Amino acid sequence: MILLLSCGMLVFSKENPAEISGGSLKGFVFDSNSNIPLEYATISLKKQKDNQIVNGTITDQTGFFKMKGIAFGAYTVSITFIGYKTITFDRILIDPNDKHIDLGKIELEPATEKISEAVVVADRPTMTYKIDKKVINVSQQHTSASGTAVEILESVPSITVDIEGNVSLRGSESFTVLIDNKPTVLDPSDALSQIPASAIENIEIITNPSAKYDPDGTSGIINIITKKNKLQGFNGIIDLNLGRFERYGGDFLINWRKERVNVFFGADLNNRNMEGQSDSENRTTVNDTTSYILSKGDFKRGGQSYSFRGGLDLTLNARNSINFDARAGYRERTGSRLTDYQEYTIPSTSNDSYLSKESSSRGGWFYNYSLGYTHKFLKKGHQLYTLLNYRLSDSDEESINELFNASDNLSSGQKSLEAGPSRDYRLQIDYTLPLRVKDKFEAGYNLRIDDSNELSELEQYNQTTQVYDYMTDFRNEVDYYSEIHAIYSTYSGQIGSFGYQGGLRGEYTYRDVTVHETGEASLIDRFDLFPTIHFSYNTPKENQFMASYSRRIQRPRSWYLEPFITWSDAYNVRRGNPDLLPEYIDSYELSHILKFGTNTFSVDAYYRVTNNKIERIRSVYQENVFLRTFENVGKDYALGIELMLGIDVAKWWHIDLMGNIYDYRVEGTFDYESNGETHVTDFSESSFNWNSRFNNTLRLGKSTRVQLNGMYNSPTVSSQGKRDGFFMTNLAVRQSFYQNKLAATLQLRDLLGTMRHSSTYEGDNFYSYYDFQPNSPWVTLTLSFKINNYKADRRNRSQEGNDMGGGDDEF
């Protein structure tokens, strides 16, 4: 970190002595309408007597410019920018008595004609397309305004979200989550469920990333871009929401910018709950005796999270900048169930009824610190970017299951405990070199270090002593360490209407998983190559064709590798597999985008093959207890097509119709245990899957929006089971006041009460069925207030130097 800062200050302090003599000229250039600074505006300094250019410069990302070492005399200054009217200062006199000239704030007007007595009210597009990603405009997702990133993704193509909030990208729950182009210390599901929708500017869906990105994740990357601001002075935004079922939250972001310094600070709080009813049937067979457990009861799931974030952006000069940001917070997921159980066996040896009280919690503190340095060379787009990132997470998990007999006496109980800190370190160096007019070369180095410790423990209720006994045999502690070194390079260019990009990434992986109690270790020492290729072709009539290929990897999570029994609750145990291989994915895509007027139609065809497919395998551990372990079962295949139509039916009515249709097939072999013996099973399962989204947005005047969404997810299969389909509708009304400074949004989610979840798993000696129905509708009111005309920065964020994939946006 010291070296990074020293390099930046060295570049900043490296002044030419000739520049110090003479005079100087400085100022800021802004858009007169939006008050947003204009980067790369051109400033020309001409001698007044002969109109010859003697000096010139461009503005930086804050709109600032400065010229030094100007000889004394009279000058003319011109400020120009494409698409704006030129401003000229005819007589600027620099002499020994007044040699430092400050032009202050210069506002350029857009070079467009004004139409008298005409007011145009338009919304930003719901989605925009770039060469390697879909960009979702969160401001148009009114039905999820009070929710989190998970609720936004329910209305996004390529994404499915089940009733429990589990997110899948093109049918796979294995994907990578980035926040502002940086990795997060949280699991993908935790990260998405704890970021308020109101704090998000855009969401990028990247299904075939270039070699510049980490290759982790079966189906790609979900990149969350949070709100930021580029206006000078003090401004901000405040959001509050309140709803049924103890749902409430809020967040704020304040920003202060003066010349080259920008400081921001924000915080958020979210409390989310889901209540409803559930029932299940579990059947296990051991030694010719079949045991049945039937249950019915009420559940409550939810959680609370709060976090703080802040940062400093410092522009040292026109070519060097430093940014520091930090995020710290706490998150906790909780659950409770009060369930009536009936347990019996065939042949009949027992028939018992009892009440089960279950509670669980998982959470802890997390911290994320990033320091970035950007150096821009003389040529536009030629830059070096360096990032240092440190992440720390504490995760404590507790599950309590207690059974009460007909006399309401505690007959048995179990407490499962898991804890452990995780530390991640990251170094990233990216170099970008523009070549010719539209060609670009990129290269970089990436270091990732993960270091964690996990402890699992078990306590069981002793009826004799009526206390919980510590079970020493089930205490296990594991150290997990991994180190990944990566280098990459990409080259992109354009020949007429044809664009191309090729990339190659090489990664060396070292991993060590060691169990304290046994000394057992699992080591990996491996080198992998990940090629990527992208093509695009634009026709004269706004037709765009794109094709791409990428090779990716999904590494097993640390607890997938733990070679011992861990009790999840009274009816489920898990055991990891230290011999698991990573999944390798080959992903192919072919896309067509057609724009006609303000409307868009897109078709994405894709084919994905996963080798060494990892699945959770269920078997019987003992009577009424399931064992879940992990196996490389073989391969899975997904062949599908995504369709999206965005159309303005009328000036006041916009429709987004989205659909994803794909054939899914998984086949191979897996091992399972039964009656103390290991069995091998060959299998081949397939399903025809589809999901659809139907979003209607009605613009009723300048300040009122009504949105009605519908979504359906079809049934799907796995190696041992299936999940039923479900349907949901949402309604929202948004009203703006006081020239959009205040907005109120009323939401009704699951309007018809149809969001129900059912799943079935079965094998040779077990059967498991689970169904639950949440209470609905969820009603929430959200208020949003802007301070000093807050406007989020919506320019291309690749200019900020921290876009890990910004080089792929344009060819």
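Residues numbered from 1 in each chain as written. Predicted model: local features only at pLDDT ≥ 70, side-chain atom pairs only at ≥ 80, totals over all residues. Heavy atoms only, no water.

### With respect to the nonpolar core
L153, I159, V167, L192, I203, I205 and I222 are the most contacted members of the largest nonpolar core, which has 23 residues in total. Residue assignment for this core shows that the elements contributing at least two residues are α3 (149-153), β10 (159-161), β11 (167-169), β12 (176-179), α4 (188-193), β14 (200-206) and β15 (221-226). The element best represented in this core is α3, accounting for four residues. Not counting residues up to four positions away in its chain, the partners in contact with I222 are L153, I159, V167, L169, F175, T176, V177, L178, L192, I203, E204 and I205. Counting residues in hydrophobic clusters, the runner-up holds 19 residues, among them I70, I79, I101 and L103. (Core = buried A, V, L, I, M, F, W, Y, C linked by side-chain atoms within 4.5 Å. Buried < 20%, exposed > 50% of the residue type's maximum accessible area, 1.4 Å probe, protein only. Helix = DSSP H or I, 4+ residues; strand = E, 2+ residues; numbered from the N terminus. Contact = heavy atoms within 4.5 Å.)

### A look at the side chain of S393
Among the structural elements, S393 can be located in strand β22 (residues 383-404). Within the structure, S393 has its side chain in polar contact with the side chain of R331 (distance 3.4 Å). (Polar contact = N/O pair within 3.5 Å; in protein donor to acceptor, adjacent residues only side chain to side chain.)

### Details of the sheet that holds strand β1 (residues 23-31)
Here three strands make up an open sheet; going across it, the order is β4-β1-β7 and the pairing mixed. Strands with a single pairing partner mark the edges of an open sheet, and in this sheet they are β4 (64-70) and β7 (100-108). Taking each pair of neighbouring strands and ignoring which way they run, the sheet shows an average axis angle of 15°. Pairing of β1 with β7 involves seven bridges; the strand directions are parallel. Residue pairing in the sheet places F28 in a bridge with K105 of β7. (Pairing = 2+ DSSP bridges. Axes fitted to C-alpha atoms, helices over the stretch in contact; angles between N-to-C directions.)

### Digging into the sheet that holds strand β3 (residues 53-58)
Here we have four strands laid out as an open sheet, ordered β3-β2-β5-β6, and antiparallel in their pairing. Only two strands of the sheet have a single neighbouring strand rather than two, namely β3 and β6 (87-94). Adjacent strand axes in the sheet meet at a mean angle of 20° when their direction is disregarded. Taken together, the six bridges between strand β5 (residues 73-80) and β6 define a ladder with antiparallel strand orientation. Its bridge partner lying in β6, G73 is registered against I94.

### Some points on the environment of E615
By the element assignment, E615 lies in strand β33 (residues 599-622). Look at E615 and you get buried, because its relative accessible area is 9%. Once the C-alpha coordinates of E615 and T629 are considered, the two residues, 14 residues apart in sequence, prove to be 8.3 Å apart. For E615, the contacting residues outside a window of four places in its chain are T629, F630, E631, V633, Y664, V666, S718 and S719.

### Notes on the packing of aromatic side chains
Applying the stated criterion across every chain yields a total of 30 aromatic pairs. Each ring, one from Y491 and one from Y500, has its centre 6.5 Å from the other, and the planes form 20°; the classification is stacked. With a relative accessible area of 29%, Y491 lands in the partly exposed category. Between the aromatic rings of Y560 and F630, the centroid separation amounts to 4.1 Å while the plane-to-plane angle is 15°, which identifies the pairing as stacked. (Phe/Tyr/Trp six-rings, centres within 6.5 Å; stacked < 30°, edge-to-face > 60°.)

### Remarks on the side chain of T315
Topologically, T315 is positioned in strand β19 (residues 289-317). The contacts of T315, once residues within four sequence positions are left out, are D60, Q61, T62, R260, N320 and S321.

### Quick look at the pattern of salt bridges
All chains considered together, the criterion is met by 25 salt bridges. For K300, the salt bridge identified is with E246, shortest N-O distance 2.9 Å. With a gap of 54 residues between them, K300 in strand β19 and E246 in the loop between β16 (233-243) and β17 (247-258) connect regions that are remote in the sequence. We classify K300 as partly exposed; its relative accessible area is 28%. Owing to a relative accessible area of 44%, E246 belongs among the partly exposed residues under this scheme. Across the pair D528 and R526 runs a salt bridge whose closest N-O atoms are separated by 2.9 Å. It is possible to trace a salt-bridge network through shared partners that takes in D214, D216, R426, R448, R505, E507 and R555. (Salt bridge = Lys/Arg side-chain N within 4 Å of Asp/Glu carboxyl O.)

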